[in-house]
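Structural characterization, general
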Amino acid sequence: MSLAALAETIARRKGADPDKSWTARLLASPEMAAEKFGEEAVEAIIEAVKGDRDRLVSEAADVIYHLLVMCAVNDITLADIERELERRSAQSGLAEKAARDQKSRG
Ligand SMILES: N=c1c2ncn([C@@H]3O[C@H](COP(=O)(O)OP(=O)(O)OP(=O)(O)O)[C@@H](O)[C@H]3O)c2ncn1[C@@H]1O[C@H](COP(=O)(O)O)[C@@H](O)[C@H]1O
């Protein structure tokens, strides 16, 4: 499933019955959505450190799904995130960090 299709499924779950949809349950509770994202991120870190490829693929999918749900709770769409990534693509990560460090030094 593409990220765009997943984001659409998540958006369609707004207002759905929380007893019938895990997504709807998370969308109804900003705290739970954020907490679940944090839990899944930690689980992915553990698998990355252990070097278990299959488990990391599974946990990475959990992380991406829960990130999109947490963003949807805050009315942030995949298109919003893609726009931000596009803005960053004009510059390398190291150049961006150097510019940020220089700005904070004044
Ligand atoms: N991609 C996902 C997805 N990934 C994970 N999850 C759910 O996230 C929940 C995580 O709960 P837990 O933390 O208890 O699970 P866990 O981390 O595996 O468990 P432990 O590690 O604690 O043992 C589980 O119920 C998973 O089923 C997901 N639920 C839904 N989706 C997608 O969203 C669609 C709509 O789902 P519903 O809204 O439920 O209809 C689905 O068809 C999928 O495409």
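Note that this is a predicted model, so its numbers are computed, not measured. (Residues numbered from 1 in each chain as written. Predicted model: local features only at pLDDT ≥ 70, side-chain atom pairs only at ≥ 80, totals over all residues. Heavy atoms only, no water.)

We now examine the environment of S2. Residue position: S2 is located in the segment before α1 (3-12). Separated by 89 residues in sequence, S2 and Q91 have C-alpha atoms that sit 26 Å apart. (Helix = DSSP H or I, 4+ residues; strand = E, 2+ residues; numbered from the N terminus.)

Moving on, we come to the pattern of salt bridges. Enumeration according to the criterion identifies 11 salt bridges in this entry. Between R100 and E96 there is a salt bridge whose closest N-O contact spans 2.9 Å. Of the two residues, R100 and E96 both sit in helix α6 (residues 93-105), 4 residues apart, roughly one turn of that helix. Here D101 and K97 are joined by a salt bridge, their closest N and O atoms 3.3 Å apart. Placement of the pair is D101 and K97 together in helix α6, with a separation of 4 residues, close to one helical turn. Each of E47, K50, R55 and E59 takes part in salt bridges that share partners, so that together they form one network. (Salt bridge = Lys/Arg side-chain N within 4 Å of Asp/Glu carboxyl O.)

Next up on the list: the site of the ligand. What surrounds the ligand is a group of 13 residues, the closest being R13, S21, W22, T23 and K36. S21 has a polar side-chain atom sitting 2.4 Å from an oxygen atom of the ligand. Here an oxygen atom of the ligand sits 2.9 Å away from a polar atom, N or O, in the main chain of W22. The set of elements that each furnish at least two residues to the shell around the ligand consists of α1, α2 (22-27), α3 (30-50) and α4 (53-73). Looking at side-chain class alone, the shell around the ligand contains 4 nonpolar, 4 polar and 5 charged residues. (Near = heavy atom within 4 Å. Polar contact = N/O pair within 3.5 Å; in protein donor to acceptor, adjacent residues only side chain to side chain. Nonpolar A, V, L, I, M, F, W, Y, C, P; charged D, E, K, R; others polar.)

Time to look at α6. Here α6 spans 18 Å end to end across 13 residues, near enough to the 18 Å set by a 1.5 Å rise per residue. One or two positions beyond α6, positive phi appears at G106, with a value near 95°. (Expected span 1.5 Å × (residues − 1).)

Our focus in this paragraph is the domain arrangement of the protein chain. According to the domain assignment, the protein chain consists of domain 1 (3-75) and domain 2 (77-106). Taken together, the contact pairs 6 residues of domain 1 with 4 residues of domain 2. With both chains or domains summed, domain 1 and domain 2 bury close to 330 Å², and 82% of this area falls on carbon and sulfur atoms. It is L68, C71 and D75 in domain 1 that bury the most area against domain 2; as a group they hold 63% of the surface buried on that side. (Domains from an automatic or database assignment. Contact = heavy atoms within 4.5 Å. Buried area = accessible area lost by both parts, 1.4 Å probe.)

Next up on the list: the packing of α1 against α4. Relative to each other, α1 and α4 sit at 45°, their axes nearing to 10 Å. Taken together, the axes of α1 and α4 are oblique relative to one another. Handedness of the crossing formed by α1 with α4: right-handed. Two secondary-structure elements touch here, α1 through L3, L6, A7 and I10 and α4 through I64, Y65, L68, V69 and A72. When the residues that make up the contact of α1 with α4 are grouped by side-chain class, the tally is 9 nonpolar, no polar and no charged. (Axes fitted to C-alpha atoms, helices over the stretch in contact; angles between N-to-C directions. Parallel < 35°, antiparallel > 145°, perpendicular 65-115°, else oblique. Left-handed = near helix turned anticlockwise from the far one by under 90°.)

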